[in-house]
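# Geometric and topological summary
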2 protein chains.
Amino acid sequence: MPLVRRVLSHPARLVSLGFLLQMVVGTVLLLLPVSRAEGAPADLLVAAFTTVSATCVTGLITVDTATYWSPFGQVVIMGLIQVGGIGVMTLATLLALTVRGRLGLRTSLAAQADSHSLDLGDVRRVVLRIVGLALTIEAFIAVLLTLRFALGYGMGWGTAVWHGLFHAVSSFNNAGFALYTDNVIGFVGDLWIIGPLCLALILGGLGFPVLRELLSGAPARRWSVHTRLTVWGTSTLFVLGILAFWFFEGAAGGTLAHLPPAQQAVGALAGGVFPRTAGFNAVDYAHVTEETEAITMVLMFIGGGSAGTAGGVKVTTFLLLAAVIWAEVRGEPDVVIGQRRVAAPVQRQALTVALLAVGLVIGSTLVLMMLTDIPSLDLGFEVISAFATVGLSTGITAQLPAAGQVLLMVLMFLGRVGTITVASAIALNTRHRHYRLPEERPIVG
Amino acid sequence: MPLVRRVLSHPARLVSLGFLLQMVVGTVLLLLPVSRAEGAPADLLVAAFTTVSATCVTGLITVDTATYWSPFGQVVIMGLIQVGGIGVMTLATLLALTVRGRLGLRTSLAAQADSHSLDLGDVRRVVLRIVGLALTIEAFIAVLLTLRFALGYGMGWGTAVWHGLFHAVSSFNNAGFALYTDNVIGFVGDLWIIGPLCLALILGGLGFPVLRELLSGAPARRWSVHTRLTVWGTSTLFVLGILAFWFFEGAAGGTLAHLPPAQQAVGALAGGVFPRTAGFNAVDYAHVTEETEAITMVLMFIGGGSAGTAGGVKVTTFLLLAAVIWAEVRGEPDVVIGQRRVAAPVQRQALTVALLAVGLVIGSTLVLMMLTDIPSLDLGFEVISAFATVGLSTGITAQLPAAGQVLLMVLMFLGRVGTITVASAIALNTRHRHYRLPEERPIVG
Ligand SMILES: [K+]
Ligand SMILES: [K+]
């Protein structure tokens, strides 16, 4: 018990170490000749980049997953995705529980009874529930996909099961890896493929705390603020994303224009849902309109739900900041969401996560601009895609120089563990001043 | 007295009305035939755009100031700049004083004695001091420029005085209008022109509250937090901006590469200082590197000091948010700058101003992307330049369709009065809840 508590009290270190270990193991495995298809040359950077991309459930690639890797290599990638995705989901959930206990302490020293630390029993129960839930959902999606691959595309049952399994794992973990050279562009109009993928990535992307609350069957009016923000925020962003994608890529004569209307709708579903943050390519982002590219960047940056397999600054962070602004504009001293006051430290955490992310994205884009001559919009798209562990690309990943690819690896790592651990590490590491300094009010704006 | 107080209690309305009135008068004046050079066609959009740009001290233009307008028209423009610049400086100072009084009320209902409202005497004194200070600085700069124009460029004394006066007013008010077709590109290496311009725009851009404190002769360790943030922040950003400009445009073979080293240094001074937020063009921004363009966008967005002639979200807003993040990362419950605690409502105001600005910039850029086929980086540059009332442009202003130009006008207006009034209007309009709702802590990140 003390060990667990000690380890959990340094979450950034724990998560980082676990990730680094997995990345070393993954890189070594992918460097083995048995991992590569015949004739594919060994390359440390390719192995490392693919490992980081899979571990951080991003899906950016510098080689074609379908042709560069052997079936063994593809199994390794699937394993990295599964361990990385569910691992972070578990740790983030544990951290959120720990932080909630600690935040009580921070907000009010008197309310020490409120501070419930986790014991080993809690940890074991949480891990088992998450793994059980994840495997159940993945199995269900795998069955759906397998049936479609076998019956709709004439695959042999063995191949269909393997493809169903891989894409179920990839979609629930929001990883965006696919076993096809064109990712899932070939299925853009097929609801029986796009639908299960969307279902899996939405469930994974909501995050475990929300899933648990939804599965508990509580009526919507009893939901916690976190679940309400995540569910309504996710739904609204999906609708906006789908409409925007349909307008700019379908109606306006873009990458969906060649499809009949019903399939355009499926394509728009994919285009609106995948950027948050599965990262499957349903269309070729090298050919989308600049408007789609910009809107996709915003959606990617916001990302999905906390403590799940999604990336980005998270829907709750975004909506919390919106609520703070709304309260400020209305002159309300408290930030209120659905009859609940949002704790002040949480507001500050949201601010910190969002602005550090903005700074990181701008700074990294600038570095890539210095390294290459690729148009800046594409570079910004790539940076946000890496940071938000989305994996969409206009196709420039492999063209970047080694330093640029390493930067993307760092961004994926920071995006996957950074937003989660910054918030919780901060919250767990609160000092107390025994005196308060005099107050001052600089002019703003 | 009650009138003044009532008017000041609706600052957004007052400032907006004053601005709208000035814009109508300016547009009518610029539409008069006497305002245009011979042969220049009458155009409502041109007159309105120029009026808004001058009133909001921005400097974006759709016609050449040197050749489209008559001397009378140029005098009208100078008048609009002077009234718009000093007017907002005065109102923002009054609002800041009022807000400080009210903020005390808001933070602690018990400390009502702390709430000092302004009376008419205060208002008169503040207005007189600001106008006096502005005219003194402008006169000094005008003399320097006049001497250089007459002695260095062989202008007649009459022309030299007129040019000296116009550019002194334009620079102190951070307006960026110039009487030359190439703006001030022709003077890029001339320290005797660039120097006075920089001095004037820095003084105007610091804002009156800071100027007053600096002129009072208080030692640096006694400065208010606001002055410290503004002075150190401005200095640091200048140094970074100058170094970056020198690196990307001089050393790396850009728009300054044709100059000898000493003049490159002067050009880098201009390139680093002008974007915040004078907006004189010392080089042709259509030909700068993408890196310079991106860095300039960041500098423009941050802007200058509060309650002055500068635009942007303001240096204090930016640094306050940085301080909040720093406190959060260190686990400090209070945000402390130089032995002073920053009031919590001020933190929330900074957040609101900055994030509304980000949203406005992103949304407006997206609209322009839909309206035109101009590269998105140039459109983003133009939008930030308008919103931060900078006036730098890659030369696309006149190419934008009418709807795009109207959007820029709205952005200039929102940027000039929005950031100032949002913060103060909010602060003056605080409700009080007589009960508090239960607290909750959504997961962030
Ligand atoms: K992904
Ligand atoms: K300006």
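Naming follows an unreviewed UniProt entry, where chain A appears as Potassium transporter Trk of Ornithinimicrobium tianjinense.

## Overview of the environment of Thr397(B)
Residue and element names in this part refer to chain B. One can find Thr397 in the loop between α15 (376-387) and α16 (402-428). Given the relative accessible area of 3%, Thr397 is considered buried. Residues Thr397 and Val63 lie 334 residues apart in sequence; the distance between their C-alpha atoms is 9.2 Å. When neighbours within four sequence positions are excluded, Thr397 is seen to be in contact with Phe49, Leu60, Ile61, Thr62, Glu382, Gln405 and Leu408.

## Section: the pattern of salt bridges
Summed over the entire model, instances satisfying the criterion amount to four salt bridges over all chains. With its nearest N and O atoms 2.8 Å apart, the salt bridge here joins Arg348(A) to Glu328(B). One end of the pair, Arg348(A), is in helix α14 (residues 344-371); the other, Glu328(B), is in helix α13 (residues 315-330), on a second chain. In this structure, the salt-bridge partner of Arg148(B) is Asp190(B), at a minimum N-O distance of 2.9 Å. Of this pair, Arg148(B) sits in helix α6 (residues 120-153) while Asp190(B) is found in the loop between α7 (157-172) and α8 (191-206), placing the two residues 42 residues apart along the sequence.

## A closer look at unusual backbone geometry
All names here are of chain B. For Val57, which is not glycine, the phi dihedral falls at a positive 40°. With respect to the helices and strands, the residue Val57 is situated in the loop between α3 (44-55) and α4 (65-68). With relative accessibility at 0%, the residue Val57 sits in the buried group. Here the phi dihedral of Asn174 falls at roughly 55°; this positive angle occurs in a residue that is not glycine. Within the secondary structure, Asn174 sits in the loop between α7 and α8. When its relative accessible area of 0% is taken as the criterion, Asn174 is described as buried.

Scoring rules and cut-offs
- Residues numbered from 1 in each chain as written.
- Chains lettered and ligands numbered in written order.
- Predicted model: local features only at pLDDT ≥ 70, side-chain atom pairs only at ≥ 80, totals over all residues.
- Heavy atoms only, no water.
- Helix = DSSP H or I, 4+ residues; strand = E, 2+ residues; numbered from the N terminus.
- Buried < 20%, exposed > 50% of the residue type's maximum accessible area, 1.4 Å probe, protein only.
- Contact = heavy atoms within 4.5 Å.
- Salt bridge = Lys/Arg side-chain N within 4 Å of Asp/Glu carboxyl O.

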